[in-house]
Amino acid sequence: MNHFPKWKIALVAIISMLGVIFASPNMLSRERADQMPHWFQPVSLGLDLQGGSYLLLEVDTAYVFREQLSSLVEGVRTVLRKEKVKYSDLGAKGDLVSVRIIEAEERAKARELLRKIDSSASVDAKDDGTMVLKYSDVAVKARKAAAIEQSLEIVRRRIDELGTREPSIQRQGEDRIVVQLPGVKDPDRIKALLGKTAKLTFHLLDDSTSADEAAKGRVPPGSMLLPSAEKERGMPETYVVRKRIEVGGDMLVDSKATYNEGRPVVSFRFNAAGAKKFGDATRENAGKFLAIVLDDKVISAPRINEPILGGSGIISGSFSVQQAQDLSLLLRAGALPAPLQVLEERTVGPDLGADSIQAGAVASLLGLALVVVLMIIVYGTLGALADLAMVLNLILLLASLSALGATLTLPGIAGVVLTMGMAVDANVLIYERMREEQRNGRSIMSAIQAGYDRAFGTIFDAHVTTLVAAALLFQFGSGPIRGFAVTLTLGLLASLFTAVLVNRIMVVSWVRWRRLKSLPLA
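Here is what the cut-offs are and how they apply
- Residues numbered from 1 in each chain as written.
- Predicted model: local features only at pLDDT ≥ 70, side-chain atom pairs only at ≥ 80, totals over all residues.
- Heavy atoms only, no water.
- UniProt positions renumbered as here; feature names shortened; annotations may be inferred.
- Phe/Tyr/Trp six-rings, centres within 6.5 Å; stacked < 30°, edge-to-face > 60°.
- Helix = DSSP H or I, 4+ residues; strand = E, 2+ residues; numbered from the N terminus.
- Buried < 20%, exposed > 50% of the residue type's maximum accessible area, 1.4 Å probe, protein only.
- Salt bridge = Lys/Arg side-chain N within 4 Å of Asp/Glu carboxyl O.
- Polar contact = N/O pair within 3.5 Å; in protein donor to acceptor, adjacent residues only side chain to side chain.
- Contact = heavy atoms within 4.5 Å.
- Pairing = 2+ DSSP bridges.
- Axes fitted to C-alpha atoms, helices over the stretch in contact; angles between N-to-C directions.
- Expected span 1.5 Å × (residues − 1).
- Core = buried A, V, L, I, M, F, W, Y, C linked by side-chain atoms within 4.5 Å.
- Parallel < 35°, antiparallel > 145°, perpendicular 65-115°, else oblique.
- Left-handed = near helix turned anticlockwise from the far one by under 90°.
- Nonpolar A, V, L, I, M, F, W, Y, C, P; charged D, E, K, R; others polar.

An unreviewed UniProt entry lists the protein chain under the name Protein translocase subunit SecD, with Paramagnetospirillum magnetotacticum MS-1 given as the organism. According to the UniProt record, the Sequence similarities (unreviewed entry) comment for the protein chain is "Belongs to the SecD/SecF family. SecD subfamily." Recorded in UniProt for the protein chain, the comment headed Subunit (unreviewed entry) runs: "Forms a complex with SecF. Part of the essential Sec protein translocation apparatus which comprises SecA, SecYEG and auxiliary proteins SecDF-YajC and YidC."

Following this line, the structure appears as structure tokens:
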């Protein structure tokens, strides 16, 4: 049909106008763009285009399993003590936890108690009274998978708290995380923040023995020897700390750097459940010492003078302002379930990114100019109309990338160039079909309609085939490959719109305006 209803023309005009509007932020300077709303921003440039830092992190999944076994040991100890069941030889050995129940008549009761601790752990009883608790392979895999997902989320929160623009944080393989930070030239602070587990816990000090006695290997059961975070004369102090956690940092709802008596400190606030637990712990243990432990180091161990019922407090130490700010950030973002190890670190300089942008721009402009000239030489005015449609295609692609907040990478530029080629290729197919129909004796309008209608099937098939390839690249690729797939997909959709609909409207309008009797196609 060569007659277009007004609503269709209006729709094309609105889409084209929106494309121009959303593409316009790319003409602004970075400083000016920062003053615009978040939905009206230019395309974000990837690490390979503007430079930055690349980190490949590995989650210590073995630590996760050790922590799981350690928690199981504490659970067994707590339950058996509460029920006054006599036991010995409690501990983790390899991938299991074992404990021997001394009294034979208590073994059946103990087995039932142990089964209730963790439903994902099996309990086997031996003839000598030893109970063996072991996690199934499915439970271990599920715990590790959950730890990796949690690590991914915590890393994302910590990076976001720093205000880094357009970071890319993705899982790679089973236990690795890729962090790309465009524009970050010095990754040391990022590495320092990501390298801390930031596990905050509150424990009572064990006053049944001294640190010196514990250092000789006589640590009471249920306690542990921990160093202090601060050092005296180059050596850390040591504390005998009960393993039982009175309150965990997972109950914090806020923390921030502030000052107390002119010194930087970190204030924190618990949620309702944490505040009650903290209040109960301080009320029941008034007069005792409460150790504040961060990543297995004692920050401080103040005496509990009176119950702390408000659910808030401060962590003091020899902090600098920067250290207090970083610690408050880590506590707000939450603790990592396992340490992260930096496997690979790369810094891409802005000069390399600038070179890539310049090379990509030169290649795109040169390719665009050659295509424009060739289309005009071969198809005359029709070629110029196809060129206009291709320019609109580029504007819509740029607008889509900007509106979606997508990141343009070097492979993404390749996707843009490929899209330009496919957009022109669609018009070449249409024009050649129109030329053939005109040679067969059709009138000009009939040749135009037949050209678009009969070429559409081929164009549609080619675009769908490429879209399927782009979908597979997006599904199974990562990083720049996904960027290429996104750019290619958006470009293909814009190409269908401009090459088939917009170009057809322009061609028909031009033929009617010039009252042509035949198409200028030799």
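That covers the picture; the talk isn't over yet.
Enquirer: Explain the packing of aromatic side chains to me, please; I cannot follow it from the model alone.
Expert: A ring pair, where both rings are aromatic, is described by two values, the distance of the centres and the angle of the planes. Here the structure, examined in full by the defined rule, presents eight aromatic pairs. For the ring pair Phe202 and Phe270, a centre distance of 5.8 Å and an interplane angle of 65° mean the geometry is edge-to-face. One end of the pair, Phe202, is in strand 9 (residues 200–204); the other, Phe270, is in strand 14 (residues 263–270), with 68 residues separating them in the sequence. Across the pair, Phe270 and Phe202 agree in class, each one buried. Consider the rings of Phe270 and Phe278, whose centres lie 5.1 Å apart with planes at 40°: the pair is tilted. Note on accessibility: Phe270 and Phe278 belong to one class, buried.

Enquirer: Quick question: what am I supposed to make of the pattern of salt bridges here?
Expert: Opposite charge on two side chains makes pairing possible when the charged atoms of those side chains draw close. Following the criterion strictly, the structure yields 20 salt bridges and no others. For Arg156, the salt bridge goes to Glu153, with nearest N and O atoms at 3.7 Å. One end of the pair is Arg156 and the other is Glu153, both in helix 6 (residues 137–161) and three residues apart, which spans about a single turn. Linked by salt bridges that have partners in common, Arg433, Glu437, Arg442 and Arg454 make up one network.

Enquirer: Just to check I follow, could you spell out the side chain of His203 for this structure?
Expert: Relative to the helices and strands, His203 is located in strand 9. A polar contact of 2.8 Å, which involves the side chain of His203, links it to the side chain of Thr201. With residues up to four places along the chain from it excluded, the contact list for His203 reads Met224, Val241, Arg242, Lys243, Arg244, Ile245, Glu246, Phe289, Leu290, Ala291 and Val293.

Enquirer: Please explain the sheet that holds strand 3 (residues 87–93) as it appears in this structure.
Expert: Sheet strands pair via backbone hydrogen bonds, and the direction of the pair is either parallel or antiparallel. Judged by pairing direction, the sheet is antiparallel, and its four strands sit side by side in the order 3-4-6-5 without closing on themselves. Edge positions in the sheet fall to strand 3 and strand 5 (121–125), since each of these pairs with one other strand and no more. Across the sheet, the axes of successive neighbouring strands diverge by a mean angle of 15°, strand direction being ignored. Relative to strand 6 (residues 130–135), strand 5 runs antiparallel, the two being bridged by five bridges. By the bridge assignment, Val123 is partnered in strand 6 with Leu133.

Enquirer: Before we go on, may I ask you to explain helix 12 (residues 381–404) in this structure?
Expert: One turn of an α-helix holds 3.6 residues; hence residues three or four places apart share an orientation. A rise of 1.5 Å per residue sets the reference length of helix 12, with its 24 residues, at 34 Å; its end C-alpha atoms lie 35 Å apart and thus fit the reference within 8%. Gly405, located one to two residues past helix 12, shows a positive phi value of around 70°.

Enquirer: Honestly, the nonpolar core in this entry has me stumped. Any pointers?
Expert: A general feature of soluble globular proteins is that nonpolar side chains tend to end up buried together. Within the largest apolar cluster, 44 residues are counted, with the highest numbers of intra-cluster contacts made by Leu382, Tyr431, Met434, Ile448, Val507 and Leu519. Among the elements that line this core, the one with the most residues is helix 15 (residues 480–514), at 12 residues.

Enquirer: Honestly, the packing of helix 1 (residues 6–23) against helix 12 in this entry has me stumped. Any pointers?
Expert: The description of two packed helices rests on the angle between their axes and on the distance between the axes. Here helix 1 crosses helix 12 at 60°, and the two axes come no closer than 8 Å. By the criterion of interaxial angle, the relationship of helix 1 to helix 12 is oblique. The handedness of the crossing between helix 1 and helix 12 is left-handed. For the pair formed by helix 1 and helix 12, the contact residues are Ile15, Ser16, Gly19, Val20, Phe22 and Ala23 on the first element and Leu392, Ile395, Leu396, Leu398, Ala399, Ser402 and Ala403 on the second. Tallied by class, residues from the contact of helix 1 with helix 12 come to 10 nonpolar, three polar and no charged.

Enquirer: Looking at this structure, how should I read unusual backbone geometry?
Expert: A negative phi holds for most residues other than glycine; trans holds for most peptide bonds. Unusually for a residue other than glycine, Glu261 sits at a positive phi of about 55°. Counting through the fold element by element, Glu261 comes out in the loop between strand 13 (252–260) and strand 14. Residue Arg515 is not a glycine yet carries a positive backbone phi of 50°. Within the secondary structure, Arg515 is located in the segment after helix 15.

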